[in-house]
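What the coordinates show
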Amino acid sequence: MIVFSYDKSFEGLLSVVFDAYNRKIFPDKLLGEGDPQPLFTESHFQVITSSEKSERVWAGLQKKLPRKICDMLICLWLSEEKGSDELLFRYIRKVFDSPERIFTDFADDDMLQVKKIAEKVAKERLYLIQFIRFQKTSDDTYVAFVSPKYNALPLTLGYLTDRFGGQKWLVYDLRRKYGYYYDLEKVIEITLTKDDDLSDGRLNKEMMAEDEQLFQELWKNYFKALTIKERLNPRLHTRNMPRRFWKYMTEKQ
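Right, let's walk through the structure included here.

Moving on, we come to helix α2 (residues 51-64). Along its 14 residues, α2 runs 20 Å from first to last C-alpha, staying within 8% of the 20 Å computed at 1.5 Å per residue. Here α2 has its buried residues at Ser54, Val57, Trp58, Gly60 and Leu61. Considered in projection along α2, the buried side chains sweep an arc of 155° and stay on one side of the axis. The exposed set on the far side of α2, more than 90 degrees from its buried face, consists of Ser51, Glu52, Glu55, Arg56 and Lys63. Where the residues of α2 are buried, they touch α1 (10-23), α3 (67-78) and α4 (84-97).

To continue, consider the sheet that holds strand β5 (residues 141-146). The strand order β4-β5-β6-β7-β8 describes an open sheet built from 5 strands, whose pairing is mixed. Strands at the two margins of the open sheet, each flanked by one partner only, are β4 (135-136) and β8 (187-190). Bridge count for β5 against strand β6 (residues 168-173) is 6 bridges, and the pairing is parallel. Directly across from Thr141, in β6, lies its bridge partner Lys168.

Take the pattern of salt bridges next. Summed over the entire model, instances satisfying the criterion amount to 15 salt bridges. A salt bridge links Asp85 to Lys8, with the shortest nitrogen-to-oxygen separation between them at 2.8 Å. Placement of the pair is Asp85 in helix α4 and Lys8 in the loop between β1 (2-6) and α1, with a sequence separation of 77 residues. Measuring nitrogen to oxygen at the nearest pair gives 3.7 Å for the salt bridge that ties Glu217 to Lys220. One end of the pair is Glu217 and the other is Lys220, both in helix α7 (residues 212-226) and 3 residues apart, which spans about a single turn. Linked by salt bridges that have partners in common, Arg90, Lys94, Asp108 and Asp110 make up one network.

Right, let's get into a negative patch on the surface. A cluster of acidic side chains, namely Asp7, Glu11, Glu33, Glu52 and Glu55, defines a negative patch on the protein surface. Summarising the element assignment, Glu33 is placed in the loop between β2 (29-32) and β3 (43-46). When its relative accessible area of 52% is taken as the criterion, Glu33 is described as exposed.

The next point concerns the nonpolar core. Core analysis: the largest hydrophobic core is formed by 60 residues, its most contacted members being Leu61, Trp169 and Val171. Trp169 has contacts with Phe134, Thr141, Tyr142, Leu157, Leu160, Thr161, Phe164, Tyr180, Tyr181, Tyr182 and Val187, leaving out every residue within four places of it along the chain. Counting residues in each nonpolar core, the second largest holds 9 residues, with Val143, Phe145, Tyr172 and Tyr248 among its members.

Attention now goes to the packing of α3 against helix α5 (residues 109-131). At their nearest, the axes of α3 and α5 sit 8 Å apart, and the two run at 75° to each other. The orientation of α3 relative to α5 falls into the category roughly perpendicular. Where α3 abuts α5, its residues Met72, Leu73, Cys75, Leu76 and Leu78 lie against Val114, Lys115, Ile117, Ala118 and Val121. When its residues are assigned to classes, the contact of α3 with α5 shows 9 nonpolar, no polar and 1 charged.

Spatially, 3 strands are ordered β2-β1-β3 in an open sheet, and the strand pairing comes out parallel. Two strands bound the open sheet, and with one partner strand each, they are β2 and β3. Between one strand axis and the next, the sheet turns by 25° as a mean value, whatever way the strands run. Two strands pair when backbone bridges link them, and β1 and β2 are joined in this way by 4 bridges, in the parallel orientation. Its bridge partner lying in β2, Phe4 is registered against Leu30.

Parameters and conventions
Residues numbered from 1 in each chain as written. Predicted model: local features only at pLDDT ≥ 70, side-chain atom pairs only at ≥ 80, totals over all residues. Heavy atoms only, no water. Helix = DSSP H or I, 4+ residues; strand = E, 2+ residues; numbered from the N terminus. Expected span 1.5 Å × (residues − 1). Buried < 20%, exposed > 50% of the residue type's maximum accessible area, 1.4 Å probe, protein only. Arc of directions from axis to C-beta. Contact = heavy atoms within 4.5 Å. Pairing = 2+ DSSP bridges. Salt bridge = Lys/Arg side-chain N within 4 Å of Asp/Glu carboxyl O. Patch = residues over 30% accessible without salt bridge, like charges linked within 9 Å, V, L, I, M, F, W, Y side chains within 5 Å. Areas by Shrake-Rupley, 256 points an atom, 1.4 Å probe, with all protein chains shown as cover. Lys, Arg positive; Asp, Glu negative; His and termini not counted. Charge placed at Lys NZ, Arg CZ, Asp CG, Glu CD. Core = buried A, V, L, I, M, F, W, Y, C linked by side-chain atoms within 4.5 Å. Axes fitted to C-alpha atoms, helices over the stretch in contact; angles between N-to-C directions. Parallel < 35°, antiparallel > 145°, perpendicular 65-115°, else oblique. Nonpolar A, V, L, I, M, F, W, Y, C, P; charged D, E, K, R; others polar.

Structure follows, in structure tokens:
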């Protein structure tokens, strides 16, 4: 068995692809740094992440694939599904090794799995866009907390900067302990030093703007006024608005 180890980053995986073709040796197993090696390991290679190598591989993929398929590959990586890196590696190999447009061959199991997983992540992105609820702080920054099933937060940045470009905002993923802050000019990835007190997704009253509680109450009353009890359908409601988002939605408090 041939094993490659890398830092479990997207750039690292693309560097694995580059090194594999450069060495003409292709791994049977991909491991993270420090992971124990499986039995019967024949060869082990440590891949050092290189921006130059990863950019060359990504540029090659962009030449061979439509943008939609490249977006699918990013979604696959962000899924964080077990074995998704090995699936992505196999997919990239098939793209480079085949002279035909193999990415449209969904009779191939790898191609089909990439499509299915990417669609799940894209759907999670849509959920985030629909169900993000901002809270206004005393310094006029709008803060929202999320905990998506897949790591789809990076996929929302284009929408957020376009839709809320006129205000400072912070969207934070409590599950993965990172978020993005927009300062009216650029988006910065951040990590909060203390986020244990934010596990319920609610700001302390001291941190809220003076009118934030009023607006939250108005929104709850509006939501309640629109509800027609005779037409309630809990099963449909849960399917369209998954419960994992309710914790952070003002109208569900």
